Amino acid sequence: MSETTGILAIVSGFSGAGKGTLMHELLSRYEGYSLSVSATTRKPREGEMDGRDYFFIGREEFERMISEHAFIEYARYVDNYYGTPKKYVEDQLAAGKDVILEIEVQGAMIVKQQYPDAITVFVTPPNAAELKRRLEGRKTEAADVIAGRLKRAGEESELMAMYDYLLVNDDLQESTKKLHDIITNAHARMNANGEFVSRIQRELRAM
Ligand code: ADP
Ligand code: 5GP
């Protein structure tokens, strides 16, 4: 078994920045990642699958999960609830997997308090006009929903400086590699190598 523990990587970014696309690329190009599947009260978009993209659940079930403390965090985003189920994340980290949470800013801050060693990455397109183009080009939301998401992006931009890493998603392939490198490098941090440190200390004491 590996001596390094799994890295918890929190990825946030404006709606339409390309987070979902990046996650898909990362998982198809590289081994060893576990993507946490959130629960949401939002309706599925065309092509989205229950259990793969989200657990699509009703408001009542979401509230029951809140009362059972089944979420690491949950947040209201525009008109819906989104939450990170606790069990999957803890099981995967314990198994030494790198776990990615693709969540919005409020949730990211709550997770960071509970898991201080987590790394945080903020994804943005190169400029605001491109964000609008991507949101409109996706053709999954009506104009009023897009307006709500752009307004939310403005609010989120006030908090993006709190993140450890900035990822400007211009060229998709390049950005995917950068994200992989950020997470890979996190494995070299001293606080991710507690077991190695303890072992070599033990070995040296025994010499
Ligand atoms: P998010 O998950 O952040 O809301 P998506 O992954 O759904 O964003 O991407 C929004 C739109 O932008 C999609 O139509 C996607 O194909 C496109 N897109 C994603 N990444 C890039 C990129 N690097 N360059 C150009 N378009 C992109
Ligand atoms: P979308 O509706 O576009 O899939 O997601 C809307 C926003 O909710 C995105 O910013 C996404 O990162 C965020 N989100 C998805 N799952 C979770 C979650 O479990 N918790 C939190 N706090 N945000 C989430």
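Everything numeric here is computed off the predicted structure, so don't read it as measured data. (Residues numbered from 1 in each chain as written. Chains lettered and ligands numbered in written order. Predicted model: local features only at pLDDT ≥ 70, side-chain atom pairs only at ≥ 80, totals over all residues. Heavy atoms only, no water.)

Novice: Just to check I follow, could you spell out the overall build of the protein for this structure?
Specialist: On a plain count of helices and strands, the protein comes out with eight helices and nine strands. Once the C-alpha set of the protein is aligned to its principal axes, its extents read approximately 70 × 40 × 30 Å. A burial count over the protein gives 43% of its 207 residues as buried. Nonlocal contacts in the protein, meaning residues at least 24 apart in sequence, comprise 70% of its contacts between residues at least 6 apart. Split by element, the accessible area of the protein, about 11,500 Å² in all, is 54% carbon and sulfur. Positive and negative charge centroids in the protein, built from 27 and 33 side chains respectively, lie 1 Å apart. (Helix = DSSP H or I, 4+ residues; strand = E, 2+ residues; numbered from the N terminus. Buried < 20%, exposed > 50% of the residue type's maximum accessible area, 1.4 Å probe, protein only. Contact = heavy atoms within 4.5 Å. Areas by Shrake-Rupley, 256 points an atom, 1.4 Å probe, with all protein chains shown as cover. Lys, Arg positive; Asp, Glu negative; His and termini not counted. Charge placed at Lys NZ, Arg CZ, Asp CG, Glu CD.)

Novice: Looking at this structure, how should I read the site of ligand 2?
Specialist: Surveying the vicinity of ligand 2 reveals 16 residues, the closest of which are Ser38, Arg42, Tyr54, Tyr82 and Glu104. In the model, an oxygen atom of ligand 2 is placed 2.7 Å from a nitrogen or oxygen of the serine 38 side chain. Separating a nitrogen atom of ligand 2 from a side-chain N or O atom of glutamate 104 is a distance of 2.7 Å. Taking 510 Å² as the accessible area of ligand 2 by itself, protein coverage stands at 96%. (Near = heavy atom within 4 Å. Polar contact = N/O pair within 3.5 Å; in protein donor to acceptor, adjacent residues only side chain to side chain.)

Novice: Would you mind showing me how to read the packing of helix α1 (residues 19–29) against helix α7 (residues 172–186) here?
Specialist: Relative orientation and spacing of two packed helices are given, respectively, by the angle between their axes and the distance between those axes. Running from amino to carboxyl end, α1 crosses α7 at an angle of 70°, the nearest separation of the two axes being 9 Å. Between α1 and α7, the crossing angle belongs to the class labelled roughly perpendicular. At the point where α1 passes α7, the crossing takes the right-handed sense. Here Thr21, Leu22, Met23, Glu25, Leu26 and Arg29 of α1 lie close against α7, whose contacting residues are Leu172, Gln173, Ser175, Thr176, Lys177, Leu179 and His180. Considered class by class, the residues forming the contact of α1 with α7 number five nonpolar, five polar and three charged. (Axes fitted to C-alpha atoms, helices over the stretch in contact; angles between N-to-C directions. Parallel < 35°, antiparallel > 145°, perpendicular 65-115°, else oblique. Left-handed = near helix turned anticlockwise from the far one by under 90°. Nonpolar A, V, L, I, M, F, W, Y, C, P; charged D, E, K, R; others polar.)

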